[in-house]
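Survey of secondary and tertiary structure
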Amino acid sequence: MSEKIEFSKTGEQTKAVHAGEFPDPVTRASSPNLVMSTTFVTDADSGFSAENMKEGDSWMYTRWGNPTIHQLEEKLAVLEEAEMGVAFDSGMGAISALLFHLLKSGDHAVVTDVAYAAMSELTNEMIPGLGIGITKVDTSDLNAIKNAIQPNTRLVYIETPCNPLLRLTDIAAVAEITHKAGAKLVVDSTFATPVATKPLTLGADLVIHSLTKYLGGHGDALGGVVLGKKDDLLSLRKKTAIRLGGILSPFNAWLILRGLATFPIRMRAHQENALKIATYLEKHPKVKRVIYPGLPSHPQYELARRQMKNFSGMITFQVENGREMAQRFAEELQIIHYAVSLGHHRSLIFYMDSKNLHETSFHLSTPAQLDSWNRFAGEGIFRFSVGLEDADDLIADLEQALKE
Ligand SMILES: *Cc1c(COP(=O)(O)O)cnc(C)c1O
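Here the residue index of a chain counts from 1 through its sequence in written order. Only residues with pLDDT of at least 70 get local features here, since the model is predicted, and only at 80 or more are side-chain atom pairs given and counted; chain-wide, interface and lining totals rely on the full set of residues. Hydrogen atoms and water are omitted, and side-chain values are computed over all heavy atoms in the structure.

1. Some thoughts on the pairing of strand β9 (residues 314-319)
For the record, the criterion: Only protein chains enter the accessibility calculation, which uses a 1.4 Å probe; a residue whose area is less than 20% of its type maximum is buried, one above 50% is exposed, and one in between is partly exposed. Secondary structure counts use DSSP, requiring at least four H or I residues in a row for a helix and at least two E residues in a row for a strand, with both numbered from the N terminus. For two strands to be treated as a pair, DSSP must find at least two bridges joining them.
Counting buried positions along β9 yields six of six residues, so the element is predominantly enclosed. Where strand β8 (residues 287-291) and β9 come together, four bridges link them in antiparallel fashion. Residue Arg-289 lies in a different strand from β9, and its bridge partner there is Gln-318. Two elements, β9 and strand β12 (residues 380-385), share four bridges in a ladder whose sense is antiparallel. Bridge pairing links Met-314 to Ser-385 in β12.

Right, here's the structure in full:
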């Protein structure tokens, strides 16, 4: 059964269905079991500290590892072509554990100036407060990264496409710069997903996903994962994840496993819908600008085609008087939910006001950084996570809400 499938030779959809799963040896149940037990009966010679933990040991305690969470980690590793993955209670759980693991006082990191808001805020205050230097740059600008590197730079952290701008970063080019500096490249690939881009094959050292988004795909379970080389991940689990304790619930692991079975099929449908809707919006008289990596009008369309095998389901667009339109959308949209988050089967839209975001999350300091922001977002954007409803119904919903 799944131990005998050579996943390096199968397609993505076979990986999504079978990787990490196998019939239960006792009951022969074909679908994965949910193991909620926090503790496991062990042998008398087991050590009490996770320091004693060795590969191949039987299960001890769910914070150290759990059969259901393990099945999810295996499936994700196969999908990402990683040696190993460690799951966390949320995307931010994964990001914060990884930063605490890789950085110590006196170190320096180069971080994307526009990223998931909580990640930006964590690196604006808390991480620098620990005596770790952070330089924020527009990572689509390779020279900006080169100029920001210091002798103590341990880490370069990028997001592509970045949330919320959908601005891309060239992973292979940044990997080269990062490795020349003796640092590690971390890529938050939540918006792309492994169907579109496999950062590890382009030279990245570690990949992060919020499982809450496309991978879980149904808006009912928070989760996160870090994927990469076995040495890095074994050490992340033992030294940091177990001690910080942001471990995924087995129930959420089971829900996300179930969501993953249809993940490549869902991504094809997200892309198909997003392309139709982006094309519709681009022609709409009330829409000033649409950004979608699958449209030739995206400022980095050439890089998108080179780096992304699927353009995903995220669109941003600008209108006149975005705040007023946000009010209309919140009241008038029937199918599309006016809500944060993304990557669910259900369509979600949210207005992001540039001035507000610059106060709370993104402290852009140079004219070049502000220029880049304005080119992608102007005064504000609607971030639209196109779901799996029929595209014609979504277009009709937008049409009635955009009308006076
Ligand atoms: C949502 C998101 C996160 C955080 O994930 P949570 O599961 O909400 O903690 C991190 N990065 C990106 C790009 C995201 O969209």
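So much for the structure itself; the text now carries on.
2. Focus: the site of the ligand
Heads up, the condition is: Here, proximity means that at least one heavy atom of the residue falls within 4 Å of the molecule or strand. Contacts described as polar in this section are N or O atom pairs within 3.5 Å, which, within protein, must combine one atom able to donate a hydrogen with one able to accept it, while residues neighboring in sequence count only if both atoms come from side chains. Using the Shrake-Rupley algorithm and a 1.4 Å probe, accessible areas are obtained, with residue cover drawn only from the displayed protein chains. Charged means Asp, Glu, Lys or Arg here, nonpolar means Ala, Val, Leu, Ile, Met, Phe, Trp, Tyr, Cys or Pro, and polar covers whatever is left, Gly included.
The ligand sits among 15 residues. The nearest are Gly-91, Met-92, Asp-188, Thr-212 and Lys-213. Gly-91 places a main-chain nitrogen or oxygen 2.8 Å from an oxygen atom of the ligand. Lys-213 places a side-chain nitrogen or oxygen 2.8 Å from an oxygen atom of the ligand. Protein burial of the ligand: of its 380 Å² of free accessible surface, 94% is covered by the chains. Take the shell around the ligand: its biggest share by element is three residues, from helix α3 (residues 91-102). Here the shell around the ligand is built from residues that sort into five nonpolar, seven polar and three charged.

3. A word on the pattern of salt bridges
The line we're drawing: When a carboxyl oxygen of Asp or Glu is within 4 Å of a side-chain nitrogen of Lys or Arg, the pair counts as a salt bridge.
Enumeration according to the criterion identifies 17 salt bridges in this entry. A salt bridge links Glu-6 to Lys-9; the shortest N-O distance between them is 3.2 Å. Residue class for Glu-6 comes out partly exposed when judged on its relative accessible area of 48%. One salt bridge in this structure joins Arg-167 and Asp-138, with 3.3 Å as the shortest N-O distance. Within this pair, whereas Arg-167 is found in the loop between β4 (153-159) and α6 (171-180), its partner Asp-138 is found in the loop between β3 (133-137) and α5 (142-148), the two being separated by 29 residues in sequence. Both residues of the pair, Arg-167 and Asp-138, count as buried. A single salt-bridge network, built from bridges that share partners, covers Glu-51, Lys-239 and Arg-243.

4. Re the domain arrangement of the chain
Rule in force here: The domain boundaries here were taken from an automatic or database domain assignment. Any two residues having at least one pair of non-hydrogen atoms within 4.5 Å are treated as being in contact. Accessible area that two parts lose when put together, with a 1.4 Å probe and added across both, is what the buried area reports.
Domain boundaries assigned for the chain yield domain 1 (2-260) and domain 2 (264-402). A straight line from the C-alpha centre of domain 1 to that of domain 2 covers 26 Å. The interface of domain 1 with domain 2 comprises 42 residues on the first partner and 42 residues on the second. Between domain 1 and domain 2, the buried area comes to about 3,300 Å², and carbon and sulfur atoms account for 60% of it. Contact with domain 2 buries area across many residues of domain 1, yet Leu-166, Leu-168 and Tyr-214 alone supply 22% of it, more than any other trio. Seen at the junction of domain 1 and domain 2, the total is one salt bridge. Ionic pairing is found between Arg-306 and Asp-170, a salt bridge with its closest N-O pair at 3.4 Å. Where domain 1 touches domain 2, the interface holds 21 residue pairs in polar contact (both at pLDDT 80 or more).

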